[in-house]
Amino acid sequence: MEMFKGYDPDRFYDEMFDADASVRAHCAPLLRKLGQIDQKDFLTRKANSELYFLRQGITFNVYHDDRGTERIFPFDPIPRVLPASEWEHLEAGLTQRIVALNLFLHDIYHDQQILKDEVIPRFYVENAKHYRPEFRGVDVPADIYIHICGSDLIRGADGQFYVLEDNGRCPSGASYLLENRNALKRAFPSIFDEMGVRPVDSYPRDLLNMLHHISPRRDDDPVCVLLTPGCYNSAYFEHCYLAREMGIDIVEGGDLVVMDKIVYMRTTHGLKRVDVIYRRIDDDFIDPVVFRKDSVLGVPGLMNAYRAGNVALANAVGTGVADDKVMYYFVPRMIEYYLGQKPILPNVPTYLASEEEDLKFILGHLPELVVKAANESGGYGMLMGPSASKDEIEKFRELILADPRNYIAQPVVSLSRSPTWCDGAMEGRHIDLRPYIIYGNDVKIVPGGLTRVALNKGSLIVNSSQGGGSKDTWVLRR
Amino acid sequence: MLSRVANTFYWMVRYVERADNLARLIDVNQQLLLDSERLDSDRLSGFWQPIILSTGDDEAFSSLYESSSGGEVIRFLTDDARNPNSIVSCISLARENARTVRDQLSDELWEEINSLYLFTRSEEAERLISSDPPRYYGNIRRCAETFLGIAASTIARNEAWDFMDLGRHLERADKTTRFLDVASYLPGGVEGVEASAPGILHWSAILRSCGAHGAYRGVKRAINARGVVEFLVFSKEFPRSVRFCIEQVDAALHRISGTPRGTFSNEAERESGLLLAELNFGSTDAAFNRGLHGYLDELQERFNRIGAGIFETYVLMPERIQVCPVEDLRSPSALAAWQMQQQQQQ
């Protein structure tokens, strides 16, 4: 237990320890196992896990470095553990949410009943950056819009899970979920013994089943491909990984051609018809005929084939209207409107800068709030009030006033912490949780998710671009 | 198989093979120097100049370096990232190609090329280049050979393998002719080198560069120009001879198209069939009568035509697609790279 000696959960909700510093019951067996590993052995094994990532090439480039040095995303070997009961609660809440989001998208791209009933002001939808009015009236295969959703969850000081945002366009990171498990199993096999950790390896199968389910051609064995922006994209490793695990081709825009509204891929033996595209390329770049004209990554004519119902896309075009941070505010209302249910997982309290009352409150409380731009991701376009300088606060005041539709604010949620090995000692670090929800024939959520950890002391920002790392996430059978 | 993927397999292996060959070339010649009398800088330059000329990168070299004494040439060919054909550049390109088709490689195969890449970037490599070059080049060679060995035991014998076979043997044939050509650039030319004692050393170095010394000794006694050319161009059995390589290329091309050997269905097959017939029925005398340098030059020209034929038939497919991609598939434009990076990571 030497590594945990002096560990201080402090005033935060700690995933492993109670407020009185006694271990939580579902973490006790793990703590016992960790206690059997001495520190030297622990460090060797930790280094091995890092070598695993390096050798696998699960790395990112350090910019402005001529030698092209590559770094791994930091991986902390202390897993984050969720008991079965908590996971069931999350599963129910996430399922409810993805169903409601899909009903909302169908509605928005068809009759817009929710706008007619004034449950959500029309203004917000029509001004959403990723709303694609060109696709109104288009029926999408199997009537599913968000097939893969990565929802970010956080646990507050009260021990409750909240949804922080829904990523319904091209959520990334699932390969890390799988590789974190592989790395941990290789480096620390002993801690898995008799723990009843649910496996995560069903993810690629679930993904492929979903792709088959949405194929517009019913009779044949459908041809599915993964469309990548290309090998210089920072998630290229993940694209390869998932394509390989699913046994489908990974294609670039140039590999596909559209003739007579049918999509084909160019093979050494001529053209081969494509039925389903798991695209990891943004709407903006996907078809230069319809969206950005200067895109060299897309497939000219793809939208014609899509509209004609000859090819399925996962996720559908235009889902960005639902994961806009302003639209997030309305998700609990969607759940009540479409499903007649109370939301199982609450949102974090949110203020909309375009509502007069809220704006007044936001501007009066900037130093206490987190301000976010509606359509940024990766931790960019954000103001962390409590740690921001006066200048930064003033800059955001102007940004908000110039474009209130594009900003929301939330109170700072004190994310829960998890014991994390930091430079020679075990210390608490803030974490979040991103489960991956797949919506095909039914809803599948791989037990676990990507637990991201803010490695910098006191930091609440878990994004990999800003000092974040990750951990393996354990969902227990019991 | 996707056309782009076929092209990537082909280049991945070509670059590994190129790095392997360069490592041999430099290592052997460095060792050869040890046998010579002390050389002043003029003579050193005379020693290395032909090697640069034979790789065909002399223009790039003279634009980057002033003198061609050993150190500069070695750096240029080994770890100068500005030289697209240096060992480190080749390995980095091979790895980049491997990364692109990562989904189709076995974990071991990927790890091997990635480890080799990480080695070339390491401080250890830096140290070895200056303090223990034979170990450095030995390392490169061993990894390259391990890579090919793992490929042989983990890649299914399908199109992926056939395109790898094409890349490997075309590159090998090309490098064998270039190593033979080193003699043409020596003072006095091929005939001049033949008579003198250092000449024998050179031919023996060429054999070693091709890893052919032992095999040659097994079938021939004396080391001389004709014997070496005969062996490295016309041998039916030695795996780095031009004839052997073109036989493999021709076989792979026909496996891909399904056309019977001895007939052709595209330009690449016609070129390879024609060349193979000439090699099968050709002779060393004819090569020397023609002039060795000119003969080797023409061979290289014809390898390039086979390569171009492969690209046009299987990668571009102009007759099937009206809209041809204008970009060089090996190096996406800066714009494309920038757009790839722009995709938001949610």
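Residue indices begin from 1 for each chain and proceed along its sequence in written order. Key to labels: chains lettered from A, ligands numbered from 1, both in the order written. With pLDDT at 70 or above as the cut-off, local features in this predicted model cover only qualifying residues; side-chain atom pairs require 80 or more to be listed or tallied, and sums for whole chains, interfaces and linings still use all residues.

1. Focus on the overall build of chain B
The helix and strand labels rest on DSSP assignments: H or I over at least four residues marks a helix, E over at least two residues marks a strand, and numbering proceeds from the N terminus. In terms of helices and strands, chain B carries 18 helices and zero strands. Buried, partly exposed and exposed are defined by the number of other C-beta atoms within 10 Å of a residue's own C-beta, namely 20 or more, between the two limits, and 12 or fewer respectively, with C-beta atoms placed from the backbone. For chain B, the residues scored as buried account for 48% of the 346 residues in total. Remark: residues whose backbone-derived C-beta atoms lie within 7 Å of one another are considered to be in contact. Counting contacts in chain B only where the partners sit at least 6 residues apart, residues at least 24 apart contribute 65% of the total.

2. Side note on the overall build of chain A
Counting its secondary structure elements, chain A contains 14 helices and 22 strands. This radius of gyration counts C-alpha atoms alone. The globule rule is 2.2 Å times how many residues there are, raised to the power 0.38. Against the compact-globule benchmark of 23 Å for 478 residues, chain A has a radius of gyration of 23 Å, which places it among compact chains. When the backbone C-alpha atoms are referred to their principal axes, chain A occupies close to 70 × 60 × 50 Å.

3. Here we look at the sheet that holds strand 14 (residues 369–373) of chain A
By way of backbone hydrogen bonds, the strands of a sheet pair with one another, either parallel or antiparallel. All names here are of chain A. Any two strands with at least two DSSP bridges between them are considered paired. Spatial strand order, 13-16-14-15: four strands in an open sheet with antiparallel pairing. Only two strands of the sheet have a single neighbouring strand rather than two, namely strand 13 (351–352) and strand 15 (382–384). Summarising the sheet, strand 13 and strand 16 (residues 407–411) pair through two bridges and their orientation is antiparallel. The residue of strand 16 that forms the bridge with L352 is I408.

4. A few points about the sheet that holds strand 6 (residues 224–227) of chain A
Residue and element names in this part refer to chain A. Taking strand neighbours across the sheet as the criterion, the four strands line up as 7-6-11-12 in an open arrangement whose pairing is parallel. Where the open sheet ends on each side, the last strands, each with one partner, are strand 7 (249–251) and strand 12 (312–314). Going from strand to strand, the sheet's axes swing by 30 degrees on average, the running direction of each strand aside. When strand 6 meets strand 11 (residues 276–279), the two strands line up parallel, connected through four bridges. By the bridge assignment, C224 is partnered in strand 11 with V276. Set on the sheet, helix 8 (residues 236–246) makes contact with strand 6 and strand 7; between it and strand 7 the angle comes to about 150 degrees. Comment: axis = line fitted to C-alpha atoms, over the contacting stretch for helices; angle = value between 0 and 180 degrees taken between N-to-C directions.

5. Thoughts on the domain arrangement of chain B
Residues and elements named next belong to chain B. What the domain assignment lists for chain B is domain 1 (1–155) and domain 2 (167–318). The C-alpha-based centres of domain 1 and domain 2 are spaced at 21 Å. At the level of elements, helix 1 (3–35) and helix 2 (41–55) are the ones that each hand at least two residues to the side of domain 1 that touches domain 2. Ranked by the residues each element gives to the side of domain 1 that touches domain 2, the list is headed by helix 1, at 16 residues. Under the convention adopted here, Pro, Cys and the residues Ala, Val, Leu, Ile, Met, Phe, Trp and Tyr are nonpolar, Asp, Glu, Lys and Arg are charged, and Gly plus all remaining residues are polar. Classifying every residue of the side of domain 1 that touches domain 2 gives 10 nonpolar, eight polar and five charged. Each domain span listed reflects an automatic or database assignment of domains.

6. Describing the interface of chain A and chain B
The partner chain B presents 32 residues to the 40 residues of chain A that form the contact. Sorting the residues of the side of chain A that touches chain B by element identifies helix 8, strand 7, strand 9 (262–267) and strand 10 (270–273) of chain A as the ones contributing at least two each. Counted by class, the side of chain A that touches chain B contains 17 nonpolar, 14 polar and nine charged residues.

7. Things to note about the environment of A:K325
All names here are of chain A. Among the structural elements, K325 can be located in helix 12 (residues 325–339). Between the C-alpha atom of K325 and that of T350, which follows or precedes it by 25 residues, the distance is 9.5 Å. Residues contacting K325, with those up to four places away along its chain left out, are E165, K372, A374 and I408.

8. Observations regarding the environment of A:A157
Residues and elements named next belong to chain A. Within the fold, A157 resides in the loop between strand 4 (148–155) and strand 5 (161–167). The class of A157 is exposed, set by 12 C-beta atoms lying within 10 Å. Considering only alpha carbons, one finds A157 and V413, 256 residues apart in sequence, at a separation of 7.8 Å. Filtering out sequence-adjacent residues up to four positions away, A157 remains in contact with F12, Y13 and S414.

9. Focus: helix 14 (residues 242–257) of chain B
Residue and element names in this part refer to chain B. Under the convention used throughout, the expected extent of a helix is 1.5 Å for every residue step, that is, one less than its residue count. Spanning 16 residues, helix 14 covers 23 Å between terminal C-alpha atoms, matching the ideal 22 Å at 1.5 Å per step. Here helix 14 lies mainly inside the structure; 12 of its 16 residues are buried. Along helix 14, the residues that are buried comprise V242, R243, F244, C245, I246, Q248, V249, D250, A252, L253, H254 and I256. At the exit of helix 14 stands G258, carrying a positive phi of roughly 80 degrees.

10. Focus on unusual backbone geometry
Cis peptide bonds are those with omega within 30 degrees of zero, and the linkage from A:A314 to A:N315 qualifies with -5 degrees. Note that A:N315 resides in the loop between strand 12 and helix 11 (320–323).

11. Re the packing of helix 15 (residues 267–281) of chain B against helix 17 (residues 292–316) of chain B
All names here are of chain B. In the contact formed by helix 15 and helix 17, the axes pass within 7 Å of each other and the chain directions differ by 155 degrees. Between helix 15 and helix 17, the crossing angle belongs to the class labelled roughly antiparallel. Where helix 15 crosses over helix 17, the handedness of that crossing is left-handed. Residues E267, A268, E271, S272 and L275 of helix 15 form the contact with helix 17, whose own contacting residues are R302, R305, I306, G309, I310, E312 and T313. Here the angle decides the label: under 35 degrees means roughly parallel, over 145 means roughly antiparallel, 65 to 115 means roughly perpendicular, and every other value means oblique. A clockwise turn of the near helix away from the far one marks a right-handed crossing, whereas an anticlockwise turn of less than a right angle marks a left-handed crossing.

12. As for the pairing of strand 21 (residues 451–454) of chain A
All names here are of chain A. Covered by surrounding structure in strand 21 are T451 and V453 together with R452 and A454, the residues of both alternating faces. Note that strand 21 and strand 22 (residues 468–475) share four bridges and pair antiparallel. Along strand 22, the bridge assignment pairs A454 with G468.

13. Structural notes on the nonpolar core
All names here are of chain B. The term nonpolar core refers to a group of buried residues, namely Ala, Val, Leu, Ile, Met, Phe, Trp, Tyr and Cys, whose C-beta atoms join them within 7 Å. Within the largest apolar cluster, 235 residues are counted, with the highest numbers of intra-cluster contacts made by F9, A19 and A94. No other element matches the 15 residues that helix 1 contributes to this core. Looking at this core, you find at least three residues from each of domain 1 (1–155) and domain 2 (167–318). In this view, F9 contacts V101, A160, F163 and M164; residues no more than four positions away in its chain are not counted.

14. Quick word on the pairing of strand 10 of chain A
Residues and elements named next belong to chain A. The pairing of strand 9 with strand 10 spans four bridges and is antiparallel. Of the residues in strand 10, the one forming a bridge with M265 is K272. In this structure, the hairpin formed by strand 9 and strand 10 is closed by a connection of two residues.

15. A few points about the confidence of the model for chain B
Should the pLDDT be low somewhere, the predicted coordinates at that spot are not to be read in detail. All names here are of chain B. On a range of 0 to 100, pLDDT expresses the predictor's confidence in each residue. When pLDDT is averaged along chain B, the result is 87, and 90% of the positions lie at 70 or above. In this model residues 318–330 is a low-confidence stretch, pLDDT under 50, and it forms 14 contacts with partners more than four residues away in sequence or in other chains. Interface scoring of the predicted complex returns ipTM 0.81; its pTM is 0.89.

16. Focus: the environment of B:W48
All names here are of chain B. Assignment of secondary structure puts W48 in helix 2. The class for W48 is buried, based on 24 C-beta atoms found within 10 Å. Sequence separation between W48 and Y136 is 88 residues, and the spatial gap between their C-alpha atoms is 19 Å. With residues near it in sequence (within four places) discarded, W48 still touches S68, S69, G70 and V73.

17. Looking at helix 6 (residues 107–120) of chain B
Here helix 6 of chain B spans 20 Å end to end across 14 residues, near enough to the 20 Å set by a 1.5 Å rise per residue. The set of residues buried in helix 6 of chain B consists of B:L109, B:W110, B:E112, B:I113, B:N114, B:L116, B:Y117 and B:T120. At its buried positions, helix 6 of chain B is contacted by helix 2 (39–56) of chain A together with helix 5 (87–100), helix 7 (123–131) and helix 8 (133–154) of chain B.

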